[in-house]
Amino acid sequence: VATLQTSDPALTESLTAEIKATSARISELQKAVEAASTSDDEKAGIARVATERTRYLETRTAAAKLKAEGQTQAAIDMLKDKVRPALADYLAAQQ
């Protein structure tokens, strides 16, 4: 989210590298949790988290693409209208 709000290229580059590393680690953990799930309720909960995470990542990626294309206002609008709500849903699914 911060990468969409900054105009500092060095900060964007640094944050993007951290985001990629964190996303890779979350993917590893998600696979481990999925493999350890035994009950139908656990599997359904894990599936919901995975669905919301995918939706969040897709909206974040789309907003980043708009920003990279120079469509800063459109990226900010998408951040407000789609990315933040998708993030909220992803976090709620983890509860």
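Residues numbered from 1 in each chain as written. Predicted model: local features only at pLDDT ≥ 70, side-chain atom pairs only at ≥ 80, totals over all residues. Heavy atoms only, no water.

**Here's the deal with the packing of aromatic side chains**
- Applying the stated rule across the entire model yields one aromatic pair.
- Their ring planes at 15° and their centres at 6.0 Å tell us that Y56 and Y90 sit as a pair that is stacked. Taken together, the residues Y56 in helix α3 (residues 40–68) and Y90 in helix α4 (residues 72–93) connect sequence positions 34 residues apart.
- The buried category is assigned to Y56, whose relative accessible area is 8%.
- Classification of Y90 by relative accessible area gives buried; the value is 9%. (Phe/Tyr/Trp six-rings, centres within 6.5 Å; stacked < 30°, edge-to-face > 60°. Helix = DSSP H or I, 4+ residues; strand = E, 2+ residues; numbered from the N terminus. Buried < 20%, exposed > 50% of the residue type's maximum accessible area, 1.4 Å probe, protein only.)

**A closer look at the side chain of T3**
- Looking at the element boundaries, T3 is found in helix α1 (residues 2–5).
- Owing to a relative accessible area of 11%, T3 belongs among the buried residues under this scheme.
- The residues contacting T3, other than those within four sequence positions of it, are T12, L15, T16, I19 and K67. (Contact = heavy atoms within 4.5 Å.)

**Concerning the environment of E13**
- Mapped onto the fold, E13 is located in helix α2 (residues 9–36).
- Judged by its relative accessible area of 61%, E13 falls in the exposed class.
- Between the C-alpha atom of E13 and that of T3, which follows or precedes it by 10 residues, the distance is 8.3 Å.

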